[in-house]
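Fold and geometry: a report
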Amino acid sequence: MLHFITPPTMPNQDPRSSPEYRRLVALAARDDANRQRGIRVTKVVTGDPSQRLAALTFDDGPHGWRTIDLLTILKRLNVKATFFVVGKMALRYPEIIEQMVLDGHELGNHTYNHYRLPTIPLSLVAEELNRTRDVLTGIVGSPTRLFRPPGGEYNDAIQKLIAQEGYTNMLWTDDPADYKPGRTGEKITELVMRDITPGGIILLHSGLIATMNAVPIMVNRMRSQGYQFVTCSELIQRGNGLLHLQNVPARISRTAAT
Ligand SMILES: [Zn+2]
């Protein structure tokens, strides 16, 4: 996993007064125009910073009983999340994929084998997308429109392919590096709470005990600050178009993965 450049954050500042917000508004106007011409949102790096919404995303599963336990935790908390699943894992645990959908979660395509996409030929990238699309369609009857590249790694050619295949490249704002050895639920929560801002997309992973410990603490703490949890598609729909950023760095995170 790579580390990311961390832009400066000013948590107490009204996000609407920032140059970044004004840039987003200008881009939103362009995005609205694009939508009217039928162009889909092809890349998302944040939700609308003026709404206290956040999306929990869980990558890499399903991981058997651990993911089943995570689904139980999310149900108890009444949180709808987004699962970026790996095709070969979905094939192994189709009943967990079904349960995710039954519970109201959203599915995303996270490739078939979890290769680092910039290191493989573009034809193989296409195969990675398509195999997982076929697996998910076979299980739940419809393809997902969301895609997340492993490690957030992609290049212009891959982004173009993602868009051509009808996907939205769904990145994130906050990465507490929940996979790091020694992480605890409290530490993961602390890193998220330090940097989270409205419209945040939180990168977590399926199958980690520390993450399962973090989720209830994080959800309760964020709710006490007025956050509502939504799926990625809902974040896009409710975002007034403040989402489509073509000219941002390939990887972005407000949370230092340390
Ligand atoms: Zn991954």
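Residues numbered from 1 in each chain as written. Predicted model: local features only at pLDDT ≥ 70, side-chain atom pairs only at ≥ 80, totals over all residues. Heavy atoms only, no water.

Quick word on the overall build of the chain
Filter applied, for reference: What counts as a helix is a DSSP run of H or I of at least four residues, what counts as a strand is a run of E of at least two, and both are numbered from the N terminus. By definition, residues are in contact when any of their heavy atoms lie within 4.5 Å. For accessible areas, the Shrake-Rupley method is used with a probe of radius 1.4 Å. Any residue's cover is judged against the shown protein chains and nothing else.
Helix and strand content of the chain: nine helices and eight strands. For the chain, the share of sequence-separated contacts (at least 6 apart) that also reach a separation of at least 24 residues comes to 80%. Of the roughly 11,200 Å² that the chain leaves accessible, carbon and sulfur atoms contribute 53%.

Side note on helix 6 (residues 156-164)
What counts, and what does not: Working definition: with a 1.4 Å probe on protein chains only, accessible area under 20% of the residue-type maximum means buried, over 50% means exposed, and in between means partly exposed. Of all possible arcs, the one meant is that of the directions from the helix axis to the C-beta atoms. Any pair of nitrogen or oxygen atoms within 3.5 Å is treated as a polar contact; in protein, a donor-acceptor pairing is required on top of that, and neighbouring residues in sequence qualify only through side-chain atoms on both sides.
By the burial criterion, the buried members of helix 6 are Ile 158, Gln 159, Leu 161 and Ile 162. Looking straight down helix 6, one finds its buried side chains confined to an arc of 160°; they lie on one side. Every exposed residue of helix 6 that faces more than 90 degrees away from the buried side is listed here: Asp 156, Lys 160 and Gln 164. On its buried side, helix 6 packs onto strand 1 (43-44), helix 5 (122-140), strand 5 (146-147) and strand 6 (168-170). The opening residue of helix 6 is Asn 155, an N-cap whose side-chain oxygen sits 3.2 Å from the backbone nitrogen of Ala 157. Phi turns positive, to about 90°, at Gly 166, one or two residues after helix 6.

Considering helix 7 (residues 185-195)
Taken residue by residue, helix 7 has Gly 185, Ile 188, Thr 189, Leu 191, Val 192, Met 193 and Asp 195 as its buried positions. Buried positions along helix 7 lie against strand 7 (200-205) and helix 8 (209-224).

Overview of the packing of aromatic side chains
Put simply, the rule is: Here the aromatic set is Phe, Tyr and Trp, taking the six-membered ring for Trp, and pairing holds for ring centres within 6.5 Å; pairs whose planes are under 30 degrees apart are stacked, those over 60 apart are edge-to-face, and all others are tilted.
Using the criterion set out here, one finds two aromatic pairs in the structure. On the numbers, 5.3 Å between centres and 25° between planes, the contact of Phe 58 with Phe 83 is stacked. You can see Phe 58 sitting in strand 2 (residues 53-59) and its partner Phe 83 sitting in strand 3 (residues 82-85), a full 25 residues away along the chain. The exposure class assigned to Phe 58 is buried, which follows from its relative accessible area of 0%. Judged by centre distance (5.9 Å) and plane angle (55°), the rings of Phe 147 and Tyr 167 are tilted. In this pair, Phe 147 sits in strand 5 while Tyr 167 sits in the loop between helix 6 and strand 6, placing the two residues 20 residues apart along the sequence. Owing to a relative accessible area of 1%, Tyr 167 belongs among the buried residues under this scheme.

Focus: the coordination of the zinc ion
As a reminder, the rule being used: The rule for donors is simple: N, O or S, within 2.8 Å of the metal, or within 3.2 Å if the metal is Na, K or Ca. Water isn't counted, so a site may look like it is missing partners.
Those donors, Asp 60 (OD), His 110 (NE2) and His 114 (NE2), are the protein atoms that reach the zinc ion, and they lie 2.1 Å from it. All donors to the zinc ion come from one chain, and their sequence spacing reads D-x49-H-x3-H. Placement of the pair is Asp 60 in the loop between strand 2 and helix 2 (65-77) and His 110 in the loop between strand 4 (106-109) and helix 5, with a sequence separation of 50 residues. Since its relative accessible area comes to 21%, Asp 60 is described here as partly exposed.

Side note on the packing of helix 2 against helix 8
Axis angle and axis distance: for two packed helices, these are the angle between their axes and the distance between the axes, and together they describe the pair. Here is the rule: Axis lines are fitted to C-alpha atoms, over the contacting stretch for helices. Their N-to-C directions set the angle, which ranges from 0 to 180 degrees. Orientation categories follow fixed angle ranges, with anything under 35 degrees roughly parallel, anything over 145 roughly antiparallel, 65 to 115 roughly perpendicular, and all other angles oblique. Rotating anticlockwise by less than a right angle from the far helix to the near helix defines a left-handed crossing, while the corresponding clockwise rotation defines a right-handed one.
Here helix 2 crosses helix 8 at 15°, and the two axes come no closer than 10 Å. As far as their axial angle goes, helix 8 and helix 2 are roughly parallel. Judged by the sense of rotation from one axis to the other, the crossing of helix 2 with helix 8 is right-handed. Facing Trp 65, Arg 66, Asp 69, Leu 70, Ile 73, Leu 74 and Leu 77 of helix 2, the residues of helix 8 in contact are Ile 209, Met 212, Val 215, Pro 216, Val 219, Asn 220 and Arg 223.

Some details on the pattern of salt bridges
For clarity, the threshold we go by: Salt bridge criterion: a side-chain nitrogen from Lys or Arg within 4 Å of a carboxyl oxygen from Asp or Glu.
Here the structure, examined in full by the defined rule, presents eight salt bridges. We note a salt bridge from Glu 153 to Arg 116, for which the minimum N-O separation is 3.2 Å. Here Glu 153 is found in the loop between strand 5 and helix 6, whereas its partner Arg 116 is found in the loop between strand 4 and helix 5, with 37 residues between them in sequence. With relative accessibility at 8%, the residue Glu 153 sits in the buried group. Between Glu 186 and Arg 221 there is a salt bridge whose closest N-O contact spans 3.0 Å. One end of the pair, Glu 186, is in helix 7; the other, Arg 221, is in helix 8, and 35 residues separate them in sequence. What makes Arg 221 partly exposed here is its relative accessible area of 32%.

A closer look at unusual backbone geometry
Cis geometry is found at the peptide bond from Gly 61 to Pro 62, where omega equals -5°. Topologically, Pro 62 is positioned in the loop between strand 2 and helix 2. A positive phi is found at His 114, a non-glycine position, where the angle reads about 65°. Within the secondary structure, His 114 is located in the loop between strand 4 and helix 5.

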